[in-house]
Structures are given as C-alpha cells and as structure tokens.
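The residues making up each chain are set out below.
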Amino acid sequence: MGSHLIKSPNTRIWPHSATINKLDHLEIAGLDVCDLAKKYGTPLWLMDYASIFQANEACKRGLEHYPGEKTILYAGKAFLCLAMCKIINQLDMGLDVVSLGEFKTALQANVKTQNIFLHGNNKSLKELELAIELEQCKIVVDNMSELTLALSISKSKQKKARILLRIKPGIEPDTHDHIKTGQETSKFGIGLNEINEYLSFINANDENLDFLGFHAHIGSQALELDVFEDSIKVLGDLSLKTQSVHGLKTRLLDVGGGLGITYIEQDKPPGLYEWSLTIARSVQETYQKLGLDLPHLMIEPGRSIVGTAGVTIYEVGHVKRLANNSLCLAVDGGMADNPRPSTYDAKYTAKIANAMSSESAEKVSIVGKYCESGDIIVKDAGIEAGTGDLIAVFGTGAYNYSMSSNYNRTGRPACLLLKDGQADLILERETIDDLIRQDRVPAWLARER
Ligand SMILES: Cc1ncc(COP(=O)(O)O)c(C=O)c1O
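Residues numbered from 1 in each chain as written. Predicted model: local features only at pLDDT ≥ 70, side-chain atom pairs only at ≥ 80, totals over all residues.

**As for the site of the ligand**
Item 1. With respect to spatial proximity, 18 residues lie near the ligand, and among them Ala75, Ser220, Gly257, Gly302 and Arg303 are the closest.
Item 2. The residue inventory of the shell around the ligand, partitioned by class, reads five nonpolar, nine polar and four charged. (Near = placed C-beta within 6 Å. Nonpolar A, V, L, I, M, F, W, Y, C, P; charged D, E, K, R; others polar.)

Below, the structure written as structure tokens:
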C-alpha cells in the first residue's frame, strides 16, 4: 500500500469515522452522538474502534520495512479496560503494563503472557512475583534495588526473570516538562554511566536473569522525528558496548512510544506510518552499520493509538459573562474526567455536537464544574453554545479515563465503544452509590447523630 493511502488518525482532530449528519449533529461510526448522549447521559466518553484499528494498521505498515522481527506494544497507561485488552488481542499487539491493576486486567482478558511487558519505576513485590511466576512475561528493569529483588524472587521460585534495562538516553523531546522522561535527571530508568554495573550484575547471575535487551522512552506528545533517531543511535552504541564488553547481545529493542497527536490545528505531528517507518529504518541502519544482528524491534505507542479515537460529550449548564467580557460555558464534567488541561495546560478542540457547523469569533471558554479555578477544558473554544447544548471535546481517548478521579465525589462517566453503527458500553458510569459503597463509618462515629 502506498504511504499516501495509509491513514494515521493521529494527524487528525476528529476520529476516523466521524462525520456531520444532515441534522448538523456529530456522528461517529454511523451513530448520532446526540442520541447516544440522550440514552447514556453526559459526560460520556466515546471511543471509535476504526481510529484504533487504523492507528495500529499505520504502525504495522511502517514496521513492515524492518527486516527483523517486530511487535507493536500498546502502552496501557493511555487507556485500559477489558474491552481494550480484547482489541489488543484481536489486533495482535503486545501490552505495556505499569501496575498490578493493568497487569490483572490484561490477564483476565487473556492477553498472552509473552506479550506483556511490566514497566514502572517502583514495581512492587507482588508485581514482580507475578511477572516472574508467569515466566514469558518481560520485566523492564528501572533500578538496581528492583533488579536485586527480581533476582531473589527468581532464585526462590527457581525461575528465570526475562529482563530489559530501561535507559535514559539523554534525549529530550520538545514537550511539557511533566511528560519528558529521557533526560538524565528523569526519575525513570538507568543513566548511561551506571549501565556497566547492571550488566556485570546480570552476567554474574545469568542462571536467574535472562538479559533480552534495552528500552528507552524519551517522553510524550513529541511532534518531531529526529529525537527518536537520536535515541536509537544511543541505544545502538550501547548495544555494541554491551556485546563487546559484556558479551551480551541485544535480542530485543523497545524504543518506546511518545508520538504526539493533533489536539488543535497548530499541532502537526508526523503520522504513525512515517514515525514507525523512521524507527524501522533507523534501527536497521544503526545496527547494521555497527555490525550487530538486528534485534526484535518493539515500539510502544499509547496516545497515538487511542487519543484521537476518543471524544467526550458534555452538556452545557450555566453560561456566564466574565468581567473581561468573555463568555464562560460551564459543562457537567471537567478536570475529574480530564485532568490534562489543569495538569499540563493541555489544549483541546471543541465543537457543539448538536450544531457542528456553528462557529463564533467570541472569546468563549469551556469550564468544568469542579472546585478549582484551573478547571478549564478549552480556553478559546471558538463556539457559542447555550444551556442544554452538547459539547464534543476531541482527542480525549488517551490519559483521560486513565487519569480520571472522583474529585468533588463525582462518579466517572460511562464509556462506549463505537463500531459500524453499534454502540457497546465498555465502562459503566460510576454512580454515587458506587462511591458510598466504599465508605466505612467507625462504630464510635456511627453512634453520633
Ligand atoms: C515506558 C513508556 N512507554 C510508552 C509510553 C506511551 O507514551 P505515549 O502515550 O506518549 O505514546 C509511556 C508514557 O508515559 C511510557 O512511560
């Protein structure tokens, strides 16, 4: 397939199967989102299956140019639930998990253990025990005390831990400080100057530690490709040194995720095809030039797989004009279902789902209902809506549900998976009863009136 025919959802603001119907309503996968809002309530998370499928397809096409083995690992932290795991299985992807919760969700959905990679900078005893117990599962080691713990678990279980070392390549994408991870001061991973100690330790304990290779993840929402090439060069040099000094081959190379998506018109990320092709070529060239065997190549995208698939639907409640004459639309959700704007000033695009062609030159902000001044979903929305209108915020598929909270004691929205005219509930709406059910009152307080 020619690259011009490959659709990379991350280069669009709208989901792959989004259109406007004759009522001027937003439609996704052939479904009028206003009907969905009426049936399931708001706020409502919608996930477009076709966007996820196309994103995976674009990565697959790019990686086809790599002559060695290759796998797409989906970074579960972006959005994970049982249905998402089933999509991962169906699309033959691997999975990066960072918590017991993600790990057990994956196991319950029958994600193959050989496809699971356990990440994280503070893996618990339980997480490491489970990974080692399952044998085929890989552990991406972050620090020495974790490696020491993995060794002692492997010895006591008489099993081998399959490990990759997460390194800090010293490369920084141009993104928000909170989502940079490749720099030397990052809390994640091992500095290049420390790596010899780890490799000697592994060699001295090779009965229980099976060294597979390296991992690096430089950050998130990267909008340029050269940082990935730079990181691969560092990994290549490291693989060469590791082989010549320690006799350990890099059989597996996980170059991380981090490709950005189009939240607003000004974002111009490379497409997933271009990104994965660049990685494929860069790893091939780097390793061949260094005279190394080609490793099994893994990429680990999260945001760029599910981000554009997601749309959040809110209903406008009260409308207020502020002292600076700007209009403020308050919606029935906000930072509890999408903490990204208040956490790292993330930008979004919004439309009126029941009047898609309407636009306004007015200064309009869409604010959440939570008790923080920073709870603003979109600052300059360019729309003018009124009470009862439905607002669609695009690009909310990644790091919304997974970072959501019960702030102000609010239940999380429901989530629907939309595919070919069918809407399936994949996350039930959390009710107030769900929250209260977790509460316990000490006996001495229960007696109080
Ligand atoms: C180790 C690792 N891999 C992959 C990802 C996915 O990144 P993104 O969602 O930007 O593709 C992350 C994100 O934090 C990560 O920490």
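Next comes the rest of the account.
**Re the sheet that holds strand E1 (residues 18-20)**
For sheets, the rule is that strands pair by backbone hydrogen bonds, running either parallel or antiparallel.
Item 1. The strand order across the open sheet formed by three strands is E1-E2-E3, and the pairing between neighbours is antiparallel. The two strands at the open ends of the sheet, each matched to only one other strand, are E1 and strand E3 (31-32).
Item 2. Bridge count between strand E2 (residues 26-28) and E3: two bridges; the pairing is antiparallel. If you follow isoleucine 28 over to E3, its bridge partner there is leucine 31. (Pairing = 2+ DSSP bridges. Helix = DSSP H or I, 4+ residues; strand = E, 2+ residues; numbered from the N terminus.)

**Describing the nonpolar core**
Item 1. With 127 residues, the main nonpolar core has Val33, Leu46, Ile391 and Ala392 as its most contacted residues.
Item 2. Here this core gets eight residues from one element, more than from any other, and that element is helix H9 (residues 272-289).
Item 3. Residue assignment places this core across two domains, with domain 1 (3-47 + 308-436) and domain 2 (50-306) each supplying three or more.
Item 4. When near neighbours in sequence (up to four residues on either side) are disregarded, valine 33 contacts His25, Leu26, Glu27, Ile28, Leu46, Ile313, Ala353 and Ala392. (Core = buried A, V, L, I, M, F, W, Y, C linked by C-beta atoms within 7 Å. Buried ≥ 20, exposed ≤ 12 C-beta atoms within 10 Å, placed from the backbone. Domains from an automatic or database assignment. Contact = placed C-beta atoms within 7 Å.)

**Looking at the domain arrangement of the protein**
Item 1. Split into domains, the protein comes out as domain 1 (3-47 + 308-436) and domain 2 (50-306).
Item 2. The straight-line distance from the C-alpha centre of domain 1 to that of domain 2 is 31 Å.
Item 3. Every contact between the two is made by 31 residues of domain 1 and, on the other side, 29 residues of domain 2.
Item 4. Listed by contribution, the elements that provide at least two residues to the side of domain 1 that touches domain 2 are helix H11 (340-344) and strand E21 (422-427).
Item 5. Across the side of domain 1 that touches domain 2, the residue classes tally to 15 nonpolar, 13 polar and three charged.

**Structural notes on the pairing of strand E17 (residues 364-367)**
Item 1. Across four bridges, strand E15 (residues 327-331) lies against E17 in parallel orientation. Bridging across to E17, leucine 329 finds its partner in isoleucine 366.

**A look at the environment of arginine 303**
Item 1. Structurally, arginine 303 can be placed in helix H10 (residues 303-306).
Item 2. Using a count of 28 C-beta atoms within 10 Å as the deciding quantity, one classes arginine 303 as buried.
Item 3. Other than its neighbours up to four places away in sequence, arginine 303 contacts Ala78, Ser220, Gln221, Ile261, Ala398 and Tyr399.

**A closer look at the packing of helix H8 (residues 226-246) against H9**
Item 1. Their axes nearest at 10 Å, the elements H8 and H9 cross at an angle of 30 degrees. Viewed along their axes, H8 and H9 adopt a mutual orientation that is roughly parallel. Here H8 runs over H9; the crossing is right-handed. On H9, the residues touching Phe228, Glu229, Ile232, Lys233 and Gly236 of H8 are Thr278, Ile279, Ser282, Val283, Thr286 and Tyr287.
Item 2. Its residues placed into classes, the contact of H8 with H9 shows five nonpolar, four polar and two charged. (Axes fitted to C-alpha atoms, helices over the stretch in contact; angles between N-to-C directions. Parallel < 35°, antiparallel > 145°, perpendicular 65-115°, else oblique. Left-handed = near helix turned anticlockwise from the far one by under 90°.)

**Some words on helix H4 (residues 100-108)**
Item 1. When H4 is considered as a whole, its buried residues turn out to be Glu102, Phe103 and Ala106. Taken around the axis of H4, the buried residues stretch over an arc of 100 degrees, which confines them to a single face. Away from the buried face of H4 by more than 90 degrees, exposed residues Gly101 and Gln108 are located.
Item 2. In this structure, the buried side of H4 is in contact with helix H3 (82-90), strand E6 (94-97), strand E7 (116-118) and helix H5 (125-133).
Item 3. Asparagine 110, located one to two residues past H4, shows a positive phi value of around 60 degrees. (Arc of directions from axis to C-beta.)

**Thoughts on the packing of helix H2 (residues 49-63) against H9**
Item 1. Look at H2 against H9: their axes get within 7 Å of each other, and the N-to-C directions meet at 30 degrees. Our classification of the angle between H2 and H9 gives roughly parallel. For the element pair H2 and H9, the recorded crossing hand is right-handed. Residues Ala55, Ala58, Cys59, Arg61, Gly62 and Leu63 of H2 pack against Leu272, Tyr273, Trp275, Ser276, Leu277 and Ala280 of H9.
Item 2. Partitioned by chemical class, the residues of the contact of H2 with H9 number nine nonpolar, two polar and one charged.

**Details of the environment of valine 111**
Item 1. Looking at the element boundaries, valine 111 is found in the loop between H4 and E7.
Item 2. Note on valine 111: 23 C-beta atoms within 10 Å, which makes it buried.
Item 3. For the pair formed by valine 111 and asparagine 324, sequence separation is 213 residues and the distance between their alpha carbons is 53 Å.
Item 4. Once you skip the residues sitting within four places of it in the chain, valine 111 turns out to touch Cys85, Ile88, Asn89, Leu95, Ala106 and Ile116.

**Points about unusual backbone geometry**
Item 1. Residue proline 43 follows threonine 42 across a cis peptide bond; omega there is -10 degrees.
Item 2. Of note, the phi angle at glutamine 221 is positive, near 55 degrees, even though the residue is not glycine.
Item 3. Note on placement: glutamine 221 falls in the loop between strand E11 (209-215) and H8.
Item 4. Classification of glutamine 221 as buried rests on a count of 25 C-beta atoms within 10 Å.
Item 5. The phi dihedral of asparagine 408 falls on the positive side, at around 60 degrees, and the residue is not glycine.
Item 6. Here asparagine 408 shows up in the loop between strand E19 (390-394) and strand E20 (414-419).

**Side note on the pairing of strand E9 (residues 161-168)**
Item 1. Burial analysis of E9 places eight of its eight residues in the buried class, which makes it a mostly covered element.
Item 2. Across four bridges, the pairing between strand E8 (residues 138-141) and E9 is parallel. Bridged to valine 140 within E9 is leucine 164.
Item 3. The handedness of the E8 to E9 crossover, carried by helix H6 (residues 144-157), is right-handed. (Right-handed = clockwise from strand over helix to strand, strands pointing away.)

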